[in-house]
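Notes for the structure review
Residue-level listing of the chains:
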Amino acid sequence: MELTSSILKVSHLNVTLDGQKILHDISFDLNRDDTVAVVGPNGAGKSVLFRALLGLIPYTGTIVWEKNIKINYIPQRFTIDSDFPLTVREFLNFKTKNHHTILSALRSVGITDEHHINHHLLNQRLGWLSGGQIQRVLIAWAIIDQPDVILFDEPTAGIDVGGEETIYHLIKKLKDEKDLTILIISHDLNVVYKYATTVLCLNKDMVCYGAPTDALDPSALKALYGEATFLTHDHQHK
Amino acid sequence: MVCYISNGMSDIFFLQLIIGGAIGIGAGYIGAFMILRRMALVGDALSHVALPGLALALLFNFNPFVGAFTALFVAIVGIWILERKTSIPSETLVGIFFTTALALGILLTPQPELLEALFGDIGNVARMDLYITLPIIALVMIALKLISKPLALSTISKDLTRSMKIPVNTINFLFLLMVAIIVALGIKVTGTLLMGALVIIPAAAGRNISRTFSHYTFMSAVLGGVAAISGIIIAHQYGFTPGPLVVLSGGTLFLVSLLFKQQ
């Protein structure tokens, strides 16, 4: 039963870049409809794990996705110059020219005012949008062609605290509405407890994997962030 | 007799306008993508590499376009490989490799032809140039249009584009190949020293006045054509070498475009 719902199998994944070991012996299975949070300190190899899962970098070990699966990816560093002449419409048109599909994707990410969409947002340059708006458009871009899996690399980097909460809430809402499996890199442990069904702790090695309340035990937190951060976290949840 | 000569003259002038205009359009269009990819400096220096190829063509009497294109192609493949295999930034590679090529080219080019090679001479065009230039420009522009989506996307995020199973490296290579073709053709108009300007300036002006991507690429091409044609006309009127005037026209268009800059 477990086997049929497994959408991804990773075993003994190792990644070495420029002679440096970045990921060491990572193995896990991912079930359909899971929301997996990947946590770990800076330089733990979180983004590298995503890039390996997408086949963008060389690795050893095996990564097996379910057949004919559609995976979309939102990279962390999505910076676009304000004078880059590309409108939101043109950006979304790279995926589909169908206006109704575009409208429905934008509606799904909470942009519902059709007048605003048609007369303002779509004609706006992508680089003129605020961090939160860009993130919404990117999420719309990611869901527009009905993927099975979305990989989010720190979707709230560069967004203020209030906006962060909204984006995570939005991702959860999408997950509830659509048949989606989500992998998300996050720095925020509160997010993990609130939105993830599974947590993958990474510090070059895989430190923990499982339901957040079980997997993120004191020893895992210590292996991830050291003693000091463990205490801070402990304080937050008491 | 007088009438025949004047017809002959205007024929050549007409040829200059068509060939120059087409090259301007092609250069402006490809320049639009080069500017977005922050290749302005590369484009400028790259044109210098054509000189040794041009020199060899003059020395051994084969088509200068073939010589220039071969030199550019070798340089581009070299940069493409070195960029992937070493961690030396491409700007440094360009700075070393391309200026060395210019120095070598200046030494190799026979003295009487040096000025023409450096600053171009579209006055020398023949009908044959038309038959070569127009189809090549048309083909490059169609090919560029076909890969414009992945080109634009990979400029924003290489990883995002690669995650969509788009072969970014191949697309980049094809793009560089097209740059080599356009630069090699353009040397006829502006010479090896100034060709970079014909690629960069119209696109920079186009960027100032455009909000959308399609308008930007279209306007870059149009302004490239306008710069080339107006430069050739002014040069013809006042008896100057066309190359520098084409670049000056482009520079003027850029200044005017600043007045209409999209905020």
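If you're wondering where the values come from, they're calculated on a predicted model, not measured in any experiment.

1. A word on the overall build of chain B
The number of helices and strands found in chain B is 11 helices and zero strands. Secondary structure elements of chain B occur, N-terminal to C-terminal, as α-α-α-α-α-α-α-α-α-α-α. For a compact globule of 263 residues, the expected C-alpha radius of gyration is about 18 Å, and chain B comes in at 18 Å, within 12% of that figure. Its C-alpha atoms put chain B at 70 × 45 × 30 Å along the principal axes. In chain B, which comprises 263 residues, the proportion classed as buried is 50%. When contacts within chain B are restricted to residue pairs at least 6 apart in sequence, long-range pairs at least 24 apart make up 75% of them.

2. Considerations on the nonpolar core
Across soluble globular proteins, you tend to see nonpolar side chains buried next to one another. Residues and elements named next belong to chain B. In terms of nonpolar packing, the biggest core is built from 154 residues, with L72, V183, A184 and L198 touching the most fellow members. Looking at which element gives the most residues to this core, the answer is helix 9 (residues 168-209), with 24 residues. With sequence-adjacent residues up to four places away left out, L198 is seen in contact with G24, A27, G186, V189, T190, G224, A227, A228, V246, V247 and G250.

3. As for the pairing of strand 3 (residues 35-39) of chain A
Consecutive side chains of a regular strand alternate in pointing toward one face of the sheet and then the other. Residues and elements named next belong to chain A. Among the five residues of strand 3, four are classified as buried, and the element is accordingly described as predominantly covered. As paired elements, strand 3 and strand 7 (residues 181-185) share four bridges and run parallel to each other. The residue of strand 7 that forms the bridge with V36 is L183. As paired elements, strand 3 and strand 8 (residues 198-203) share four bridges and run parallel to each other. Pairing of V38 across the sheet is with L200, part of strand 8.

4. Here's the deal with the interface of chain A and chain B
Listed by partner, the interface residues are 15 residues for chain A and 17 residues for chain B. Class assignment of the residues belonging to the side of chain A that touches chain B gives a composition of 10 nonpolar, one polar and four charged.

5. Some thoughts on helix 4 (residues 99-108) of chain A
Residues and elements named next belong to chain A. When we look at burial in helix 4, the residues that qualify are I102, A105 and L106. Taken down its axis, helix 4 places every buried residue within 100° of arc, on the same side. Here the buried face of helix 4 lies against helix 3 (88-93), helix 5 (114-119) and helix 6 (131-143). Directly beyond the C-terminal end of helix 4, a positive phi value near 90° is found at G110.

6. Topic: the environment of A152 of chain B
For A152 of chain B, the location among the structural elements is in helix 7 (residues 148-156). Between the C-alpha atom of A152 of chain B and that of R37 of chain B, which follows or precedes it by 115 residues, the distance is 8.4 Å. Ignoring any residue separated from it by four or fewer positions in sequence, one finds A152 of chain B in contact with L86 of chain A together with L36 and F213 of chain B.

What counts, and where the lines are drawn
Residues numbered from 1 in each chain as written. Chains lettered and ligands numbered in written order. Predicted model: local features only at pLDDT ≥ 70, side-chain atom pairs only at ≥ 80, totals over all residues. Helix = DSSP H or I, 4+ residues; strand = E, 2+ residues; numbered from the N terminus. Rg over C-alpha atoms; globule rule 2.2 N^0.38 Å. Buried ≥ 20, exposed ≤ 12 C-beta atoms within 10 Å, placed from the backbone. Contact = placed C-beta atoms within 7 Å. Core = buried A, V, L, I, M, F, W, Y, C linked by C-beta atoms within 7 Å. Pairing = 2+ DSSP bridges. Nonpolar A, V, L, I, M, F, W, Y, C, P; charged D, E, K, R; others polar. Arc of directions from axis to C-beta.

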